[in-house]
Amino acid sequence: MPNRTEQLKAAYGNPFDVLKAVERAATQGYEGLSEDDLFMCKWVGLYTHRHEQGYFMLRTKQPNGFVTPEQLETVADIAERQNRGYADITTRQDFQLHWVHYTEAVPIIRRLHAVGISTLGACGDIARNVVGCPVAGVDKEEVLDASPVAKQVSDFFLGNLEFANLPRKYKIGISGCRTWCSHPEIQCVALTGAQRRVSGQTEIGFDLRVGGGLSTQPFISQRLGAFVRPEEAVEVIRHITEIWRDTPEYREKRHHARIKYLVHDWGVSKLRQALEERLGRKLDDAPADFQEPPDTYRDHVGVHAQQQAGLYYIGAPVLVGRITSPQMKRVADLAQRYGDGQTIRLTVRQNILLLNIPEHNVEKVLAGLTEVGLSINAHPVRRSVVTCTGTEFCKLAITETKARSRQIVEYLEKRVPLDEPLRLHITGCPNACAQHQIGQIGMMGSKTKVDGQIVDAYDIFVGGQMGRGAAFNHAVLRKVPATECAQRLEQLLLGFKRGRKDGEPFNAWCARIGDAELVRRLTEGDTHPLADAEDVPSPQVPESDGPVY
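Just so it is clear, the model here is predicted, and its values are computed rather than measured. (Residues numbered from 1 in each chain as written. Predicted model: local features only at pLDDT ≥ 70, side-chain atom pairs only at ≥ 80, totals over all residues. Heavy atoms only, no water.)

Description of the sheet that holds strand β14 (residues 344–346)
Think of a sheet as strands paired side by side through backbone hydrogen bonds, with each pair either parallel or antiparallel.
Alright, step 1. One open sheet accounts for five strands, arranged β3-β14-β15-β12-β11; its pairing is antiparallel. This sheet does not close on itself; its edge strands, each paired only once, are β3 (66–67) and β11 (302–305).
Alright, step 2. The pairing of β14 with strand β15 (residues 352–358) spans three bridges and is antiparallel. Of the residues in β15, the one forming a bridge with Leu346 is Ile352. (Pairing = 2+ DSSP bridges. Helix = DSSP H or I, 4+ residues; strand = E, 2+ residues; numbered from the N terminus.)

What follows is the structure, encoded as structure tokens:
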């Protein structure tokens, strides 16, 4: 039997019609929005705020992270005039605007649409923003420029009522880069650049992966063993989506309504057979010697030469993904004044890039970024941290994240002179919106008691590995009060600096010394300070319907 949400969606009909309800409420009052309306608002990119009735978060769709200066200026202006002066960059390469009042929601959506930004399907049980390599088309080492394919797939699903009622959210990644910077390991469906030899000729296309995902039960995506040509991408992804959409058992239990469970239950052989039956043909096999890349940092921060002679791209870290209106306006101005006037991109690590900068303008761009607090000369922790929305706005979060993450970064960059980045992910609950399971260091929000008071706390994880040998991290210390986390991480990272072998990566060091020693370093050898304290259980959080990235 379909769950209650499935019944609600069926009764509601066209989910995009909720925009009419929001428009009516602007004149008739917020109370005119039913609970069903508020749920369906996700299909046009709106989520209600945690604390303030009548306010929404609004998420955009920026396929492959593409942004023009005009679009960035528009987001900046909306944020400055109506949304308290900032936006958040998400791990799906798009924007989140907060403090969107219900009377202003439709005019803001229309203003974004006027500059080519859609919000349809940015949230809800639908294909979310299609992610890809932010330096597609300029990366010297890429297998192919996959951004046109990403756009074709995005355009196919955008507003498409045939695919507007999936069992749950659906995440697609399409990239031709060799470092897998868009994390295909955790996408529902992913195409990664591949090449094979056919009749003595090199053919360029994609290797197909399915079934990745995080939240309360994470899975690494699996190779289907199939080679997909660029012109086949829309057809192949469409039929995979239809298989999942049309399999009714994944609409019975909402916490089980993700394609990762179908892949886990069926196995890749059965899914490939079902896909080929729908296609009416056999898929070509992927090359037998296909290699997943080693785990690299993949953030694109800094100055990098493009494949186009004399041009560079510049990646600037955005602390905790929160970018202010002055910063957005300056980036847009720099792109127009010193670049090609049209190419800005967002990354899955919540950073921002300017492309096609002539060599003689690089220093001018760097100076302009530094003036607004976007210097590329960032401490490795500053450039690495990824955070979710947290209790500031999210109804499902357990802990505050943005301000706490900022405090941790500012503490560590003064005390730990790291010479290399590592992935630090800080998420406010088990739904893993900030992808804590893939971090070399991950922190997941929880609660504990200190002196009889319930306070924010975090579980600390280590060892997330991407690429070849991909594996999720594991917890080594739980329920650390949030106020102590910065100092605990300082102890851990200083121990790594002092105790690592020459060139030894962080994960290898952790594995070598073992969890017991990691706990000792995290606690300075003392008993866990809360070992004898009355504790509180972590709230049980279902797979999120809230503002997940």
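A few points about the packing of helix α10 (residues 325–338) against helix α11 (residues 362–371)
Alright, step 1. At a minimum axis distance of 10 Å, the contact between α10 and α11 shows a crossing angle of 170°. The pairing of α10 with α11 is recorded here as roughly antiparallel in orientation. Here α10 runs over α11; the crossing is right-handed. Here Arg330, Val331, Leu334 and Tyr338 of α10 come into contact with α11, specifically with Lys364, Val365, Gly368, Leu369 and Glu371.
Alright, step 2. Partitioned by chemical class, the residues of the contact of α10 with α11 number five nonpolar, one polar and three charged. (Axes fitted to C-alpha atoms, helices over the stretch in contact; angles between N-to-C directions. Parallel < 35°, antiparallel > 145°, perpendicular 65-115°, else oblique. Left-handed = near helix turned anticlockwise from the far one by under 90°. Contact = heavy atoms within 4.5 Å. Nonpolar A, V, L, I, M, F, W, Y, C, P; charged D, E, K, R; others polar.)

What to know about the pairing of strand β5 (residues 95–101)
Alright, step 1. Counting buried positions along β5 yields six of seven residues, so the element is predominantly enclosed.
Alright, step 2. Pairing geometry for strand β4 (residues 86–89) and β5, over three bridges, is antiparallel. When the bridges of β5 are listed, Ala87 appears paired with Leu97.
Alright, step 3. Counting the residues in the hairpin turn of β4 and β5 gives five residues, including Gln93, whose phi is positive at 65°. (Buried < 20%, exposed > 50% of the residue type's maximum accessible area, 1.4 Å probe, protein only.)

Side note on the sheet that holds strand β2 (residues 55–59)
Alright, step 1. Taken in spatial order, the five strands make up an open sheet running β1-β2-β5-β4-β13, and their pairing is antiparallel. Only two strands of the sheet have a single neighbouring strand rather than two, namely β1 (46–48) and β13 (322–324). On average, adjacent strands in this sheet sit at an angle of 30° to one another, irrespective of strand direction.
Alright, step 2. Direction of pairing for β1 relative to β2: antiparallel, over a ladder of three bridges. Following the sheet pairing, Leu46 is matched in β2 by Leu58.

Regarding the pairing of strand β19 (residues 453–462)
Alright, step 1. Where strand β18 (residues 441–450) lies against β19, ten bridges are found, and the strand directions are antiparallel. What sits directly across from Gly442, in β19, is Phe461.
Alright, step 2. Taking the residues that link successive antiparallel strands as the turn, the β18-β19 hairpin has two residues, and the phi of Asp451 there is positive, at about 55°.
Alright, step 3. Bridge count between β19 and strand β20 (residues 474–481): five bridges; the pairing is antiparallel. Bridging from a neighbouring strand, Ile460 pairs with Leu477 of β20.

Concerning the side chain of Thr347
Alright, step 1. Among the structural elements, Thr347 can be located in the loop between β14 and β15.
Alright, step 2. Given a relative accessible area of 3%, Thr347 falls into the buried group.
Alright, step 3. A distance of 3.1 Å separates a polar side-chain atom of Thr347 from the backbone nitrogen of Arg349.
Alright, step 4. Sequence-distant contacts of Thr347, that is, excluding residues within four places in its chain, are made with Ile89, Thr90, Gln93, Pro134 and Leu353. (Polar contact = N/O pair within 3.5 Å; in protein donor to acceptor, adjacent residues only side chain to side chain.)

Focus: helix α2 (residues 18–28)
Alright, step 1. Of all the positions in α2, only Val18, Ala21, Val22 and Ala25 are classed as buried. The buried residues of α2 occupy an angular sector of 100° when projected down its axis, which confines them to one face.
Alright, step 2. In this structure, the buried side of α2 is in contact with α1 (4–12), α3 (35–40), β1 and α5 (105–114).
Alright, step 3. Looking one or two residues beyond α2, the residue adopting positive phi is Gly29, at roughly 115°. (Arc of directions from axis to C-beta.)

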